[in-house]
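One-letter residues, chain by chain:
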Amino acid sequence: MSRHGMVTKIHTRIRTEPFKSSYDLVGKELGRGKFAVVKMCIEKATGKQYAAKFLRKRRKGTDCRMDILNEIAVLESAKANPYVVALHEVYETNTEIILVLECAAGGEIFDQCVDENNDAFTEKDVIRLAKQILNGVAFLHRNNVVHLDLKPQNILLTSARPLGDIRIVDFGLSRRMDNITEVREILGTPEYVAPEILDYDPISTATDMWSIGVLIYVMLTSESPFQGDNKQMTFLNISQVNVDYSQDTFEGISPLAVDFIKSLLLKNPRKRATAEECLKHPWLNPHSHSHSHLVNRSASSLDEPEETSQSESEPESPAP
Ligand code: ADP
Ligand code: MG
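Residues numbered from 1 in each chain as written. Chains lettered and ligands numbered in written order. Predicted model: local features only at pLDDT ≥ 70, side-chain atom pairs only at ≥ 80, totals over all residues. Heavy atoms only, no water.

1. Quick word on the pairing of strand 4 (residues 49-56)
Then comes step 1: Of all the eight residues making up strand 4, six are buried; the element is thus mostly covered by neighbouring parts of the structure.
Then comes step 2: The turn joining strand 3 (residues 36-43) and strand 4, which pair antiparallel and follow one another in sequence, is formed by five residues; a positive phi near 75 degrees is taken by Gly-47.
Then comes step 3: Relative to strand 8 (residues 96-102), strand 4 runs antiparallel, the two being bridged by seven bridges. Bridge pairing links Tyr-50 to Glu-102 in strand 8. (Buried < 20%, exposed > 50% of the residue type's maximum accessible area, 1.4 Å probe, protein only. Helix = DSSP H or I, 4+ residues; strand = E, 2+ residues; numbered from the N terminus. Pairing = 2+ DSSP bridges.)

Here it is as structure tokens:
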């Protein structure tokens, strides 16, 4: 894979003393991905809890140290944003680099998304969490960083019950947008991948916005909009933007939410809403004055489900 868009200049000191001299691992594995294991640990000096992400430097026979430095550099560049996981320290051994991260103890939003039962999010929850995700992603995009792997496994919660705040993690695929036009291999679970990735077209901040559209869809409906019976079917669904917006799937969800998702799941990346535009969308601003004519309608479906006497007419689509 090409290394375009990678940043490898970092400011964090890489410690070479043993990780275990400063931290105790406390049994619990917090999660794992393709190349990383994440474990809970306690800093001996402070008694504070952290998440240690153990990354192998060699993967499939190739040196991936540069990729890890890129991940660290991106975390550094986003440290001013509360919704991007904070990086505390970095350790290096012969075989591994260990990122000591703020611990997001509530786990992946994935767990609430797949749940068909009581743990699922309400629309009100999703509105609050979506604002936080967009705040974090808008910050990254303002700094010319694209995440490129936004999915429910990489969006964590500070606490699950009561529902806390979000933390964006896993900057392993992130890139600086300066001028990346590289052809990328298609990695990980395909369901969140934008059409331009499948077509080997240039990626941009709009690539993340597609993934956010998929993410919000899943958070609201517990259904993955493009998932097919196999990878080929999933890719076909994505490239045809074959999405189910039926009343059945969106039962009890406001039309503004559907409108919001539709502004993101657009094949042409240039037509997709930006993170800043999303933050201004009436779905996320139910009390904004300029959309007061829409507010009454959405408020009735959110706050007072008893009196949802909606008119037959199509909801007006809000100005972009
Ligand atoms: P990978 O690049 O291998 O996917 P991630 O950074 O996504 O690695 O971490 C893998 C999993 O570990 C995450 O999906 C999550 O469940 C868990 N995890 C990662 N970072 C943290 C953290 N800071 N706090 C709690 N759990 C975490
Ligand atoms: Mg991950």
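2. Comments concerning the coordination of the magnesium ion (ligand 2)
Then comes step 1: Coordination of the magnesium ion (ligand 2) by the protein is provided by Asn-154 (OD1) and Asp-170 (OD), with metal-donor distances spanning 2.1 to 2.3 Å. Placement of the pair is Asn-154 in the loop between strand 10 (145-146) and strand 11 (155-157) and Asp-170 in the loop between strand 12 (166-168) and strand 13 (175-176), with a sequence separation of 16 residues.
Then comes step 2: Residue Asn-154 is classed as buried on the basis of its relative accessible area, which comes to 6%. (Donors = N, O, S within 2.8 Å, 3.2 Å for Na, K, Ca; no water.)

3. Examining the sheet that holds strand 11
Then comes step 1: With respect to topology, three strands assemble into an open sheet ordered 9-11-12, the strand pairing being antiparallel. Looking at which strands have only one partner, the edges of the open sheet turn out to be strand 9 (107-108) and strand 12.
Then comes step 2: Relative to the sheet, helix 4 (residues 123-142) contacts strand 11 and strand 12, its axis offset from that of strand 12 by approximately 30 degrees. (Contact = heavy atoms within 4.5 Å. Axes fitted to C-alpha atoms, helices over the stretch in contact; angles between N-to-C directions.)

4. What about the state of the cysteines?
Then comes step 1: Throughout the structure, instances matching the rule amount to zero disulfides.
Then comes step 2: Cys-41 carries a free sulfur, and the closest cysteine sulfur to it, the one in Cys-103, is 8.1 Å from it.
Then comes step 3: In this structure Cys-278 is a free cysteine whose sulfur lies 17 Å from that of Cys-113, the closest cysteine sulfur available. (Disulfide = S-S within 2.5 Å.)

5. Digging into the nonpolar core
Then comes step 1: Of all hydrophobic cores here, the largest spans 81 residues; its most connected members are Leu-99, Ile-212, Ile-216, Met-219 and Trp-283.
Then comes step 2: Shared between two domains, this core holds at least three residues of each, these being domain 1 (19-102) and domain 2 (107-284).
Then comes step 3: In contact with Ile-212, other than residues within four places in its own chain, are Ile-133, Leu-134, Val-137, Leu-150 and Leu-264.
Then comes step 4: Grouped together as the second largest cluster of nonpolar side chains are nine residues, Cys-41, Tyr-50, Ile-98 and Val-100 included. (Core = buried A, V, L, I, M, F, W, Y, C linked by side-chain atoms within 4.5 Å. Domains from an automatic or database assignment.)

6. Some remarks on the packing of helix 4 against helix 6 (residues 205-221)
Then comes step 1: In the contact formed by helix 4 and helix 6, the axes pass within 11 Å of each other and the chain directions differ by 165 degrees. What the angle tells us is that helix 4 and helix 6 run roughly antiparallel. Note on packing geometry: the crossing formed by helix 4 with helix 6 is right-handed. Where helix 4 abuts helix 6, its residues Glu-123, Val-126, Leu-129, Ala-130, Ile-133, Leu-134, Val-137 and His-141 lie against Thr-205, Asp-208, Met-209, Ile-212, Leu-215, Ile-216, Met-219 and Leu-220.
Then comes step 2: The residue inventory of the contact of helix 4 with helix 6, partitioned by class, reads 12 nonpolar, two polar and two charged. (Parallel < 35°, antiparallel > 145°, perpendicular 65-115°, else oblique. Left-handed = near helix turned anticlockwise from the far one by under 90°. Nonpolar A, V, L, I, M, F, W, Y, C, P; charged D, E, K, R; others polar.)

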